[in-house]
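Examination of the molecular architecture
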Amino acid sequence: MLSNAARQTARQTIITSSSPSPALRIAATTTLATTSIISASIYLNNTDNNTSSNSSRGLGFKRQLDFWSSVTPVVWDYWWNIASSSPKVRLQKALRNVHFGSTETEQPSSSTSSEQQQQDEQKKERQVLLHQLHERNAPKIYNVMIHLGGLYIKLGQVLSVTALPIPNQYRDYFRTLQSSVPNHEDWVTVVKPTLERELGVHSLGEVFESIDEVPCGAASIGQAHRATLLQRHDNSNNNSNHEKEEVIVKVQYPNAKWQVPADIECVGQFLQLCVYFGIVDETSSQLSYDEFARQFLSELDYTNERHNLQLVYTSSLDPNAPYIKRGVVLPRVYEELCTDRVITMSYLKGRKFEEETRRQLSLLGVDMKKSMRSIVVGGGSTKNSGGDDESVTKVEEGGDGVASSSSSSQQALALSTKYPTPMWKTKLTSIVKNVVSVDVLFSIARFTRRLALWSQSTTVKWIQLASSLSIMPAAWKTWADERQNDILQSMTLDWTEDAVHTLMDVHGYQILNQGLFNADPHPGNILVDFPTDSGRKTTIGLIDYGQCKHLTPDERVNIARLILSIANKESDEEIATKFRTLGIKTKNDSTRFLADFGRLMFGRFESQHLDHNWHKDLHKEDRVLYFPKELSMVYRTALLLRGLAMSLQYNPSVGELWRDRALEAIRQHGSSSS
């Protein structure tokens, strides 16, 4: 209890003290870094730590010890160089005052200009110093994340795409975690014994005919393995043909139960230090942290995830629901092979939509490293020209005052804006985006790429025909054969728009009609299975229901009314009123801000949204103080889906696509909430 109280005192000191004494500031900062170390020592040396509870707490504190022993030098580096309580900073300030004081004595009339000059120099010096500190410490924090793994890897992935003003040096390192996935746990020493213990068997051969030792997916708290069930010829088996049943076995790491809470506490403490040093904003970072903590603690609950998946799977069998009509499937849960640390579900064929998205973008000539502005303005083929990238990226990642814990979804389209845009190009871009809509630009880009593919396809067919007559050089035929697969794949370009509408419709149904939805529909959680014969149609599989959100009928109706007001292009006052009903709080309660923010969330992406000044004016108008949790998860889902659509060069209006679902929700439950 003593260590918890000490940590709480330190947190409150850093957050609430406006001008504490230097000694108090040092004490508060040091307390955060040392209480975990002291507590770890106490628990690890406690003779009565043989119970599971005490052992887990001891291991948790030991992990906190590892974290703080690694990051304390970084904290010290920032404190010593930029904190106002640092002896170094205080000495520099005193020397600077002496220098400018002597200058004012010689030239009294220039005191005002000297003060301004002093402030300007201090600002420049601080920017240079912060740049050096970030350059020096970003790789250290990155190495800490790699060393500790688990939740810290996921945190780095989230921070790489978050709307928080993360320094570019850190963001660049964190982006590498999107592709550098941490190693999975060892099969023999960790995963296999865990499965046998959880399923209550001496050997996995009692349950599975085969199981892949290499996981088909790995995350921060668990991993998944593909397996084939042992054939059971009994009445309980619905498979009358006795075909082999392929399943996915999702197993939680044994250490996750104590490791995740310990990591979340460390992240919270470290975030408070970042706020103290001015690296991140307090309000937005707290919103992000609360959502981040809630998200990962909920992912530990496999029982709840299994229950949610079973509910959604059952609803997908309803012929009135959009799943069957749209060709959307979900995995079936095998209850008898599930525990609080294991979920066994049916295997869904197909590759991840993430891979399909990248292939489609390649066919369209789009560079995934480009910013959204580059894709929109340049049609996906121009180099980044700087300018408004940051503001537009923040919109797509959850900006405008609402921190979004976007997962490692493929929204990370941001580029640095280090290089200034030539004036003529800026003016030309401004004219184009004010005259030509985003939809037209996307249509032109898709048409141009389709024309190129058609031209290439015609050339390939002509070469193949000529080669059959032995009048074509062998090199030409080789080129044509290499392009044949690309041409066949390009035929799926028409499918992508239908896939976007399908995903929007199904998630709109889950949110507004079912009241239970997956709040993490990033491309890695979506599978696509293209048919190999003409008798089947393309299917989309939805997996991973660890981040589900339940909505009450009243919440669904209020969200539906906001969606409808945006879809129907209602006035600012009407949209703002619907927004206020949901409980949003802003500093100035600006009607214009709320209306524009609502359109930005659920409307179509407009050309004005590419204008950095538009976003600056919106921020000057007002800012969000409180964003309702139920709406934040809906917004996050819409944001991920719209980001996927935009990357494929489609610009949907979430409000318009969800209009029918919203009307149905109001028809079903509107009278009870009015």
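Quick look at the structure, then. For clarity, every value in this text was computed on a predicted model and none was experimentally measured.

**Regarding the packing of aromatic side chains**
As enumerated under the stated definition, the model contains 16 aromatic pairs in all. Arranged with centres 6.3 Å apart and planes meeting at 45°, the rings of W79 and W80 form a pair that is tilted. Residue classification places W79 among the buried residues on the basis of a relative accessible area of 5%. Its relative accessible area of 32% is what places W80 among the partly exposed residues. Ring centres of F597 and Y635 lie 6.4 Å apart, and the angle between their planes is 90°; on these two criteria the pair is classed as edge-to-face. Of this pair, F597 sits in helix α22 (residues 591–602) while Y635 sits in helix α24 (residues 629–647), and the two are 38 residues apart along the sequence. Chaining the aromatic ring pairs together yields one cluster made of F579, F593, F597, F602, F627 and Y635. In this arrangement the basic side chain of R226 is found over the ring face of Y347, its NZ or CZ atom lying 3.9 Å from the centre. R332 extends its terminal NZ or CZ atom over the ring of Y334, reaching a point 4.4 Å from the ring centre.

**Some remarks on the pairing of strand β3 (residues 222–229)**
The element β3 is extensively covered by neighbouring structure, given that seven of its eight residues are classed as buried. With three bridges connecting them, strand β1 (residues 208–211) and β3 associate as antiparallel partners. Residue pairing for β3: F208 is matched across the bridge by L229. Summarising the sheet, strand β2 (residues 217–218) and β3 pair through two bridges and their orientation is antiparallel. Bridge pairing in β3 places G217 opposite A224. The turn linking β2 back onto β3 is made up of three residues. Two strands pair when backbone bridges link them, and β3 and strand β4 (residues 246–252) are joined in this way by seven bridges, in the antiparallel orientation. For T228, the partnering residue across the bridge sits in β4 and is E246.

**Details of the nonpolar core**
Side chains of a nonpolar character, in soluble globular proteins, are inclined to be buried together. Formed by 111 residues in total, the largest nonpolar core has its most connected members in F602 and W658. In this structure, F602 is in contact with L562, I563, I566, L631, V634, Y635, A638, S653, V654, G655 and W658, ignoring residues within four places of it in sequence. In terms of nonpolar packing, the next biggest core, distinct from the first, is built from 17 residues, L195, V207, V247 and V249 among them.

**Brief notes about the pattern of salt bridges**
Across all of its chains, the model carries 23 salt bridges by this definition. Linking D77 and R136 is a salt bridge whose minimum nitrogen-to-oxygen distance equals 2.9 Å. Separated by 59 residues along the polypeptide, D77 in helix α3 (residues 52–82) and R136 in helix α5 (residues 111–148) bring together distant segments of the chain. Judged by relative accessible area, which is 12%, D77 ranks as buried. In this structure, R332 and E245 form a salt bridge, with 3.5 Å as the shortest nitrogen-oxygen distance. Taken together, the positions of R332 in the loop between β5 (328–329) and β6 (342–346) and E245 in the loop between β3 and β4 put the pair 87 residues apart, joining distant regions of the chain. The network of salt bridges with shared partners includes D572, R592, D596, R599 and E621.

**Re the sheet that holds β5**
Read from one edge of the open sheet, four strands run β5-β10-β9-β7, paired in mixed fashion. One side of each edge strand has no neighbouring strand; the edge strands of this open sheet are β5 and β7 (351–352). With two bridges joining them, β7 and strand β9 (residues 526–529) adopt antiparallel strand pairing. The residue of β9 that forms the bridge with K352 is L527.

The rules behind each value
Residues numbered from 1 in each chain as written. Predicted model: local features only at pLDDT ≥ 70, side-chain atom pairs only at ≥ 80, totals over all residues. Heavy atoms only, no water. Phe/Tyr/Trp six-rings, centres within 6.5 Å; stacked < 30°, edge-to-face > 60°. Buried < 20%, exposed > 50% of the residue type's maximum accessible area, 1.4 Å probe, protein only. Helix = DSSP H or I, 4+ residues; strand = E, 2+ residues; numbered from the N terminus. Lys NZ or Arg CZ within 6 Å of the ring centre and 35° of its normal. Pairing = 2+ DSSP bridges. Core = buried A, V, L, I, M, F, W, Y, C linked by side-chain atoms within 4.5 Å. Contact = heavy atoms within 4.5 Å. Salt bridge = Lys/Arg side-chain N within 4 Å of Asp/Glu carboxyl O.

So, to be careful, I would describe these as geometric facts and stop short of saying anything about function.
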